[in-house]
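Structural characterization, general
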Amino acid sequence: MITQRPKGTQDWYGENIHKRTIIEGIARDICKTFNIKEIITPVFEHTVLFQRGVGETTDVVQKEMYTFEDKGNRSITLKPEGTAGAVRAYLENNLYAESQPTKLFYFTQAFRYENPQSGRFRQHHQFGVEFLGSASPMAEVEIITLLIEFMKRIGLKGASLHINSIGCKNCRKTYNEALLDFLRQHENDLCSTCRERMTKNPLRVLDCKVPSCKEIIKDAPRTINYLDDECKEHFEELKSLLTSLEIPYVIDTGIVRGLDYYTKTVFEFLNPEGFTLCGGGRYDGLIHEIDEKQDIPAVGFGFGIERILGELESEGVELEPEPPIELYLGILGNEAKSSAYKIVKELRNAGIIVETDYMDRSVKAQMKYANKIGAKNTVIIGADELANNLVRVKNMETGEQTETSLDKLVNMFM
Ligand code: HAM
């Protein structure tokens with residue numbers, strides 16, 4: 001073997017892909033009742049979309065993007081997240097010209113050159129929703145409700161909702177002054193990236209993962225104390241809606257999120273160990289950043305599929321197993337092959353899960369194989385069975401045998 005999968009990536013097969021399919025199915029079912037439509041955007045975009053959208057001073061853009069020049073000398077980036085692409089598509093395809101709001105969901109791959117560790121991959125997968133066109137906290141309520149329902153249906157119980165407000169551009173001015181005052185007192189103890197961020201985008205200092213910076217940041221001023229009247233009112237209305245809907249939440253003034261586009265509400269669902277399962281928030285300025293002719297509010301979230309799988313395991317939640325093979329149809333003799341395969345086809349067309357022989361095994365070996373793959377029933381079809389129109393179906397669990405004519409075989413499994 002000349003190489004192995006790149007660090008921080010996974011192969012999806014067997015149980016993992018089965019679980020992922022169930023999770024995606026549940027997500028799709030829920031989105032249907034919330035009237036949220038699917039969107040698929042390219043896996044790569046022009047780099048500028050993320051530089052401007054996610055923000056030049058974020059860790060994602062500065063350190064983690066998979067960026068390359070294509071053969072036409074364009075700077076291309078594998079998407080590190082789903083929002084910027086969805087918003088670009090919303091604008092480029094004039095979806096904003098339809099009656100608003102526009103509610104979109106997606107399953108996307110995302111690429112970030114991060115240090116792989118538990119729950120952190122270089123290629124991960126997200127289920128995301130973007131709710132575009134509404135400035136009302138009802139939009140936040142909608143996606144938070146969806147997330148709660150989603151986790152409930154997949155069987156996750158341990159997540160708690162943490163919310164914060166980071167205000168808008170207007171609040172950011174006064175907040176940045178207070179934050180800078182604070183950071184200047186500790187400037188010499190901050191890492192070089194943080195010192196650079198102080199001049200470009202002080203809020204991003206709060207994302208720093210360097211332990212000595214984290215220690216300093218703990219005492220930094222909080223955005224929530226610097227909200228203007230509009231942002232304060234928005235947050236109050238959201239809290240009161242959540243309370244009246246009996247949605248428990250924790251105000252967590254430490255949440256600022258690592259992407260630049262957020263305004264007002266930010267939130268995360270954390271597991272009992274305080275690990276982030278999913279995150280999102282309002283991004284009223286992103287659409288204008290991507291197309292200056294538009295100014296449309298929006299809110300959304302992204303949920304890592306890998307994080308869901310990890311949490312299912314931690315909480316000991318079993319998802320529905322794969323449906324078993326209903327019937328193994330063994331073939332006896334070359335001359336029976338095509339007729340036997342016709343029966344396989346008929347049974348499958350009726351929706352029955354059927355397996356048969358492709359290995360020219362002996363009948364004994366076929367039965368052994370049927371047992372190994374967990375077939376619930378077996379039947380052997382050879383020249384005699386075809387001539388007499390009579391087969392014997394064996395229940396592999398009880399050993400009980402039932403005779404039936406070939407044309408009634410389908411009925412036995414319906
Ligand atoms: P994010 O917090 O960067 O936000 O990522 C969203 C979720 O993706 C995380 O909460 C986590 O579940 C998962 N995730 C992120 N990075 C990794 C990784 N390296 N390995 C595994 N899972 C990961 C966003 O991406 C925003 N686009 C969310 C959003 C949508 N905000 C508004 N709309």
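Keep in mind the model is a prediction, meaning the values are calculated, not measured.

What counts, and where the lines are drawn
Residues numbered from 1 in each chain as written. Predicted model: local features only at pLDDT ≥ 70, side-chain atom pairs only at ≥ 80, totals over all residues. Heavy atoms only, no water. Buried < 20%, exposed > 50% of the residue type's maximum accessible area, 1.4 Å probe, protein only. Helix = DSSP H or I, 4+ residues; strand = E, 2+ residues; numbered from the N terminus. Pairing = 2+ DSSP bridges. Contact = heavy atoms within 4.5 Å. Near = heavy atom within 4 Å. Polar contact = N/O pair within 3.5 Å; in protein donor to acceptor, adjacent residues only side chain to side chain. Areas by Shrake-Rupley, 256 points an atom, 1.4 Å probe, with all protein chains shown as cover. Nonpolar A, V, L, I, M, F, W, Y, C, P; charged D, E, K, R; others polar. Domains from an automatic or database assignment. Axes fitted to C-alpha atoms, helices over the stretch in contact; angles between N-to-C directions. Parallel < 35°, antiparallel > 145°, perpendicular 65-115°, else oblique.

For strand S9 (residues 265–270), the tally of buried residues reaches 6 of 6 residues, placing the bulk of the element in the interior. The side-chain alternation of S9 yields two buried faces, one formed by Thr265, Phe267 and Phe269 and the other by Val266, Glu268 and Leu270. When strand S7 (residues 160–165) meets S9, the two strands line up antiparallel, connected through 6 bridges. Each residue of the ladder has a partner; that of Ser160, found in S9, is Leu270. Pairing of S9 with strand S10 (residues 276–282) involves 5 bridges; the strand directions are antiparallel. Of the residues in S10, the one forming a bridge with Phe267 is Gly280. Here S9 folds back onto S10, and the loop between the two strands holds 5 residues, one of which, Gly274, carries a positive phi near 85°.

Time to look at the environment of Val299. The topology assignment puts Val299 in strand S11 (residues 298–304). Take Val299: its relative accessible area is 0%, and that puts it in the buried class. Along the sequence, Val299 and Glu130 sit 169 residues apart, while their C-alpha atoms lie 6.0 Å from each other. Dropping the residues within four chain positions of it, Val299 is found in contact with Val129, Glu130, Phe131, Ala139, Glu140, Ile143, Gly281, Arg282 and Tyr283.

With that settled, the discussion passes to the site of the ligand. As a matter of local geometry, the ligand sits amid 27 residues, with Glu81, Thr83, Glu114, Tyr262 and Leu277 nearest to it. At 3.3 Å from a nitrogen atom of the ligand is found a side-chain nitrogen or oxygen belonging to His124. With respect to the ligand, the backbone of Phe301 contributes an N or O atom lying 3.3 Å from a nitrogen atom. Out of a free accessible area of 650 Å², the ligand has 96% covered by protein chains. Going through the elements one at a time, strand S6 (123–132), S10 and S11 are the ones with two or more residues in the shell around the ligand. The dominant element in the shell around the ligand, judged by the number of residues it contributes, is S10, at 6 residues. Classifying every residue of the shell around the ligand by side-chain character gives 9 nonpolar, 11 polar and 7 charged.

Per the domain assignment, the segments of the chain are domain 1 (14–168 + 228–314) and domain 2 (327–412). Centre-to-centre, using C-alpha coordinates, domain 1 lies 49 Å away from domain 2.

Between helix H1 (residues 14–33) and helix H11 (residues 305–314), whose axes approach to 11 Å, the crossing angle comes to 105°. Considering their axes alone, H1 and H11 lie roughly perpendicular with respect to each other. Touching Asn16, Lys19, Arg20 and Ile23 of H1 are Ile305, Ile308, Leu309 and Leu312, all from H11.

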